[in-house]
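Working through the structure, step by step
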Amino acid sequence: MKQYLSYSQEVQEAMAAGKPVVALESTIISHGMPYPQNVQTAREVEQIIRDNGAVPATIAIIDGMIKIGLSDEELEMFGNSQGVAKASRRDLAYLLATKQLGATTVAATMICADLADIRIFVTGGIGGVHRGAETTMDISADLEELAQTDVAVICAGAKSILDLGLTLEYLETNGVPVVGYGTDVLPAFFTRVSDFKLNIRADEPKTIADMLRVKWDLGLKGGAVIANPIPEADALDKSFIDGIIQQALKEADELHIAGKDVTPFMLGKVKELTEGRSLDANIALVKHNAVVGAKIAVEFNK
Ligand code: PSU
Ligand code: MN
């Protein structure tokens, strides 16, 4: 297994020195944001993690290897290339065997982080149960991964392009803790609140680190969702973004978008319809998650 892992020098040194490491995904770079904001955000997020006492490890599939930590040139390549596959659990083996470029989703990043023994992972939003899933069966592989792989994901909740209620039910069935960081309700990505109350609230990174340690000490397999609301100043107006999401869902339906293309289509369409305001919000919330995730990693490493 280890023969497929290739560490950047920074990550390798951090691990040898016992420093906290935070995993980052690459689908958000290649399929979640436009160039050049994607590359710039990726670099800034990495720096925020360093500034908060941890070491960033952006994960991607390159030339038959799982890269744990990317160089500047590699980040640029993932942000500015058409030939990058969106890689989830099902795609990993094929992309590695055929030496193609793969940008890892939340699910695939969790798998790779677990192989590298990294337990804390920062991103923007997770995939979930899509609206209409009762007929389309569109349920993100991210949820299955959270059910089985021991990595905690710090995110801003889930986008309301998804069915948030069904997403929470799915996580509950699979025993995945969903922790509100400084909140009693599930944040809805672009907005700080949703109608869905959470069972666990933590106001300190240490509480979360302690919970994770106990969970895995007990052999309770699987991840956790740490839901961190978007900063107040960056949040979008709820009725504004709800209307846009309705419009984007309608267009996705009319164009028969399906499978792995749904989420990237929705992200791009929402950006277009908000004239870029969704992208600004997305960038702000990822950076905020990086601060919180690094602090959790520092506590978890003690
Ligand atoms: N949600 C976002 N931004 C993203 C994604 C989700 O707000 O970039 C990406 C993540 O990589 C996530 C993936 O793992 O989309 C989920 O895709 P799908 O719905 O096809 O499982
Ligand atoms: Mn899907």
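Just so it is clear, the model here is predicted, and its values are computed rather than measured. (Residues numbered from 1 in each chain as written. Chains lettered and ligands numbered in written order. Predicted model: local features only at pLDDT ≥ 70, side-chain atom pairs only at ≥ 80, totals over all residues. Heavy atoms only, no water.)

1. With respect to the UniProt feature "binding site: Mn(2+)" (unreviewed entry) in the protein chain
UniProt marks D138 with the feature "binding site: Mn(2+)" (unreviewed entry), using the numbering shown here. Along the polypeptide, D138 turns up in the loop between α7 (133-136) and α8 (141-148). Not counting residues within four places of it along the chain, the set of residues in contact with D138 comprises G128, V129, H130, A133, G259 and V262. (UniProt positions renumbered as here; feature names shortened; annotations may be inferred. Helix = DSSP H or I, 4+ residues; strand = E, 2+ residues; numbered from the N terminus. Contact = heavy atoms within 4.5 Å.)

2. Some details on the pairing of strand β8 (residues 152-155)
Residue alternation in β8 divides its side chains into two sets, A152 and I154 and V153 and C155, and both sets are buried. In this structure, strand β7 (residues 120-122) lies alongside β8, joined through three bridges in parallel fashion. Among the inter-strand pairings, I120 is bridged to a residue of β8, identified as A152. Examined bridge by bridge, β8 and strand β11 (residues 224-227) share four bridges and lie parallel to one another. Bridging across to β11, A152 finds its partner in A224. (Buried < 20%, exposed > 50% of the residue type's maximum accessible area, 1.4 Å probe, protein only. Pairing = 2+ DSSP bridges.)

3. Looking at the pattern of salt bridges
The full count for this structure, using the stated rule, is 22 salt bridges. Residues D72 and R43 are paired through a salt bridge, measuring 3.1 Å at the closest nitrogen-oxygen approach. Here D72, found in helix α4 (residues 72-79), pairs with R43, found in helix α3 (residues 37-51); they are 29 residues apart in sequence, far enough to count as distant. Overall, the relative accessible area of 31% leaves R43 in the partly exposed class. D184 is paired through a salt bridge with R201; the nearest N and O atoms lie 3.1 Å apart. Taken together, the residues D184 in the loop between β9 (178-181) and β10 (200-202) and R201 in strand β10 connect sequence positions 17 residues apart. Here D184 falls in the partly exposed class, since its relative accessible area comes to 39%. (Salt bridge = Lys/Arg side-chain N within 4 Å of Asp/Glu carboxyl O.)

4. Regarding the site of ligand 1
Around ligand 1 lies a shell of 15 residues, among which E25, S140, D142, K159 and T263 are the nearest. The separation between an oxygen atom of ligand 1 and a polar side-chain atom of E25 is 2.6 Å. V106 places a main-chain nitrogen or oxygen 2.8 Å from an oxygen atom of ligand 1. For ligand 1, the protein covers 93% of the area, taking 470 Å² as the surface of the free molecule. Within the residue set of the shell around ligand 1, elements represented by two or more residues are α2 (27-30) and α12 (262-273). In the shell around ligand 1, the residues fall into four nonpolar, seven polar and four charged. (Near = heavy atom within 4 Å. Polar contact = N/O pair within 3.5 Å; in protein donor to acceptor, adjacent residues only side chain to side chain. Areas by Shrake-Rupley, 256 points an atom, 1.4 Å probe, with all protein chains shown as cover. Nonpolar A, V, L, I, M, F, W, Y, C, P; charged D, E, K, R; others polar.)

5. Remarks on α12
The periodicity of an α-helix, 3.6 residues per turn, causes residues three or four places apart in sequence to face the same way. Spanning twelve residues, α12 covers 16 Å between terminal C-alpha atoms, matching the ideal 16 Å at 1.5 Å per step. Every buried residue of α12 is accounted for by V262, F265, M266, L267, K269 and V270. Here the buried face of α12 lies against α11 (238-254) and α13 (277-301). (Expected span 1.5 Å × (residues − 1).)

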